[in-house]
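As a plain string of letters, each chain reads:
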Amino acid sequence: MDIQSQEEFLEQEKMLPPPITHFQSREELIEQVSGFARSQGYIINIRKSEKDRKVILKCDRGGVYKDTRKATTSHGKKETCSRLINCPFRIDGKMKVSGSWILKIKNLDHNHKASEDISGHPSSRRFSKEDILRIKEMTIAGIQPHQILTSLRQGNPQLLAISRDVYNCISKIRRDILAGRTAIQALLDELADGGFHYNAKNDEEGRLTHLFFAHPKSITLSKNYSNVFVMDCTYKTNKYKMPLLDIVGVTSFNSSFYSCFAFLQKEEREDYVWALTMFNDMLDNVSRPTVIVTDRELALMGAIKIVFPGAMNLLCVWHIEKNILSKCKCHFQDEDDWHRFFSTWSTLIESPTEMAYHKAWQDFNDEFEEKGIALNYIFNTWLSFKERFIKAWTEKYLHFGNRVTSRAEGAHSNLKIYLQLSTGDFYLVKNKICLAIENQFEEIKTKLSAEKIKVPSDLRISFFDKLINRISVFALKELFKQYNLATSNPNLTTCKSHFTATMGLPCAHKMRCLLDEGKVLHLGDVHSQWRIDDRMIGDIGIVKNNQDKMKEILGDFHKEYTKWPPSQQEVALNQLSHLVGTSTPMLREPSVQNPRGRPPTSKNKKSKSSTSREPSEFEIVEATRRCSTCNGVGHNRRTCPRKDVVTMSTSQISPLIPTGVSDEIDISDLYVYRNGANSFW
């Protein structure tokens, strides 16, 4: 091609070379040349660069693709594609003695047409340094990739990046953070250097089987509020399908906080004993809980008895009721009978004294004697633990109104909002948990500070003068309810001391005595759980993480060793751990377990990454469709065993009743059973 033809081709295809001029720096040269190339429909990449000497630029379609990957399937290598067609275009940038840079043309030819839309070129979708910094900040904050991309586009409408580019950038950020370490190693390093209380167990193969950790801020809250804890396991939080034991505490404001977490291999007594022993160590064996609320998890209940023998283990009343619903409702065909049965059971739970309980249970047996299966289930399964949920016994313990595990259920739900997916490893899950804890801690700290300086106007009465801004608003409101009873109800019932025993607050009876004597409430009348005046939960300082230490000690070596083979990386990491003063073991990831439920090929199976829980048995019972003919379950109108039973009107059935009988029966309740050609009543 002669020069004239080449110029015509370039002009036609709009692929002109960048103008030859001087540039103040290498960065300016690359930026301006790249911008000009984009306007012409091609992209410039750096082929080679020598610091303070030269930079060789080429078309991004230059070179030839070399497939170095091994076969990944029995049919051979995965299908690949490439944009490289060995385009010969090349220009050089050289640094002059004066320090400026100049372009030199080496080859202006392209063997392809100009791209009408350059967004198909990966280089055109690269993020700027500022964008990468923002992506890193938003990723650490737990923001979803599609939301990150939306935020970037709002700041730069000309951005060509797509969601895949954001995922790739996040992946690179993660690799940089891991710095050649495995996710398990990075997790343990950060726990060790972040002030966490943690421990881990592994099997004979070196695989992690148990992991306990508590955030420094959670430790502070746990030691401040160590009276009552709620414990429950949640699922669908990690790709290993390991249950997560979540221990939740109660603040002065009656709000919840995350105390600690434990990933368990199994839900057996030994696993729970290990986790609770770690929890006890976290509390320094001093601030021991007095009440622990759980559901009827026998292994966990047994572990509590071993590790915390002095604590009262209450059972969740809500879970008990739902279990009775799922096991007993099937024995009642009539809905009214079921409601009457369940209402009687609720009355039994609320028995205020042991004598009242025994009478209520006797009445329960007498009224529903024909429902022997349901009564036997209640007696054998639940009443052997009656001291843990019947009010006659539970109202003797300081549980601050916590008789259900709804706090733990709410904590699970809030945690899964942060997790978003159930396919993360422990390192990712731990980071998301830390986000939830830190946000929760700041809210509690702010609320504590706010309530020390303000209180609702209707609570500012002289009787509470010595309590204002010294106990929480929640406690003041509870006292105000009792105050109203003491001042407005002249005939108070006999004091059973239940309110004071369970809430740690003076009841209406004591208030009336104080009012009659012209006295007011003092701080000594209120349990320390509700005190805010002497409670300090300020900022917790976190030491530098291990990654920063590595950079300080080994400098550029920290970047270079990530390019080494895995065997050399492991040796370097062991040496590095010794240098920074840590002895974190090289543990392996747990085995990935197949989830329970429908097989993976099931069409109706939910996404494997979903964190949503499976429906409980009581929810299945409540959602069960009933037959429109007999109101039974397990079948429909078409397959109903009583489909040949038809209700007839009085005028239709009267002729079928023998003379003299109609006065003795209520014919409106009769049914006619059709059996072939014969009918009878």
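All values derive from a computational prediction rather than experimental measurement. (Residues numbered from 1 in each chain as written. Predicted model: local features only at pLDDT ≥ 70, side-chain atom pairs only at ≥ 80, totals over all residues. Heavy atoms only, no water.)

Re the side chain of His412
Move 1: With respect to the secondary-structure elements, His412 resides in helix 15 (residues 406-419).
Move 2: Once you skip the residues sitting within four places of it in the chain, His412 turns out to touch Asp232, Cys233, Thr234 and Asp246. (Helix = DSSP H or I, 4+ residues; strand = E, 2+ residues; numbered from the N terminus. Contact = heavy atoms within 4.5 Å.)

Some thoughts on the confidence of the model for the protein chain
Interpreting fine coordinate detail is not advised for predicted regions of low pLDDT.
Move 1: Put simply, the protein chain has an average pLDDT of 82, and 76% of its residues get 70 or more.
Move 2: Averaged pLDDT values for the elements of the protein chain fall to 36 in strand 15 (residues 678-680) and rise to 97 in strand 11 (residues 291-294).
Move 3: Low pLDDT (under 50) marks residues 597-603, which in the prediction has four contacts with non-local residues, meaning those over four places away or in another chain. (pLDDT = per-residue confidence, 0-100.)

A word on the pattern of salt bridges
Move 1: Inspection of the entire model under this criterion finds 27 salt bridges.
Move 2: Among the ionic pairs, Lys510 bridges to Asp525, the shortest N-O distance being 3.2 Å. Here the residue Lys510 occupies a position in helix 19 (residues 508-516), and Asp525 occupies one in the loop between helix 19 and helix 20 (546-554), the gap between them amounting to 15 residues.
Move 3: Judged by its relative accessible area of 23%, Asp525 is partly exposed. (Salt bridge = Lys/Arg side-chain N within 4 Å of Asp/Glu carboxyl O. Buried < 20%, exposed > 50% of the residue type's maximum accessible area, 1.4 Å probe, protein only.)

A look at the pairing of strand 4 (residues 90-95)
Residues in a regular strand project their side chains so that they alternate between the two faces of the sheet.
Move 1: In the sheet, strand 3 (residues 54-59) pairs with strand 4 via five bridges, with the strands oriented antiparallel. For Lys54, the partnering residue across the bridge sits in strand 4 and is Lys94.
Move 2: With six bridges joining them, strand 4 and strand 5 (residues 101-107) adopt antiparallel strand pairing. Residue Asp92 lies in a different strand from strand 5, and its bridge partner there is Lys104.
Move 3: From the end of strand 4 to the start of strand 5, which pair antiparallel, there are five residues, and Gly99 there has a positive phi angle of about 100°. (Pairing = 2+ DSSP bridges.)

Here's the deal with the sheet that holds strand 1 (residues 22-23)
Move 1: The strand order 1-5-4-3-2 describes an open sheet built from five strands, whose pairing is antiparallel. A strand with exactly one partner marks an edge of an open sheet, and here the two such strands are strand 1 and strand 2 (44-50).
Move 2: Sitting on the sheet, helix 2 (residues 26-40) is in contact with strand 1, strand 2, strand 3, strand 4 and strand 5, with an inclination near 160° to strand 2. (Axes fitted to C-alpha atoms, helices over the stretch in contact; angles between N-to-C directions.)

Focus: the sheet that holds strand 11
Move 1: Pairing is mixed across the open sheet formed by seven strands, whose spatial order is 6-7-10-9-8-11-12. Edge positions in the sheet fall to strand 6 (197-202) and strand 12 (312-315), since each has one partner strand and no second. For this sheet, the mean angle separating the axes of adjacent strands, direction not counted, is 20°.
Move 2: Pairing analysis gives six bridges linking strand 8 (residues 228-234) to strand 9 (residues 244-250), with the strands arranged antiparallel. Across the sheet, residue Thr234 finds its bridge partner in strand 9, namely Leu244.
Move 3: Helix-sheet contacts for helix 9 (residues 298-307) involve strand 8, strand 11 and strand 12, and the interaxial angle to strand 11 is about 170°.
Move 4: Sitting on the sheet, helix 16 (residues 426-451) is in contact with strand 7 (208-214), strand 9 and strand 10 (256-263), with an inclination near 165° to strand 10.

A few points about the pairing of strand 7
Move 1: Burial analysis of strand 7 places seven of its seven residues in the buried class, the great majority of the element.
Move 2: With six bridges joining them, strand 6 and strand 7 adopt antiparallel strand pairing. The residue bridging Asn199 from the neighbouring strand is Phe212, located in strand 7.
Move 3: Connecting strand 6 to the antiparallel partner strand 7 that follows it, the hairpin turn spans five residues, and Gly206 within it adopts a positive phi of roughly 85°.
Move 4: In this structure, strand 7 lies alongside strand 10, joined through three bridges in antiparallel fashion.

Describing the nonpolar core
Move 1: Membership of the largest hydrophobic core comes to 36 residues, with the highest contact counts inside it found for Met231, Leu245, Leu276 and Phe279.
Move 2: Secondary-structure elements contributing two or more residues to this core are strand 7, helix 7 (216-224), strand 8, strand 9, strand 10, helix 8 (269-282), helix 9 and helix 16.
Move 3: Membership of the second largest hydrophobic core comes to 35 residues, among which are Ile468, Ala475, Tyr483 and Met503. (Core = buried A, V, L, I, M, F, W, Y, C linked by side-chain atoms within 4.5 Å.)

Some remarks on the environment of Pro122
Move 1: As for its placement among the helices and strands, Pro122 is situated in the loop between strand 5 and helix 3 (129-140).
Move 2: Classification of Pro122 by relative accessible area gives partly exposed; the value is 34%.
Move 3: Taking C-alpha positions, Pro122 is 9.3 Å from Ile43, a pair spaced 79 residues apart along the chain.

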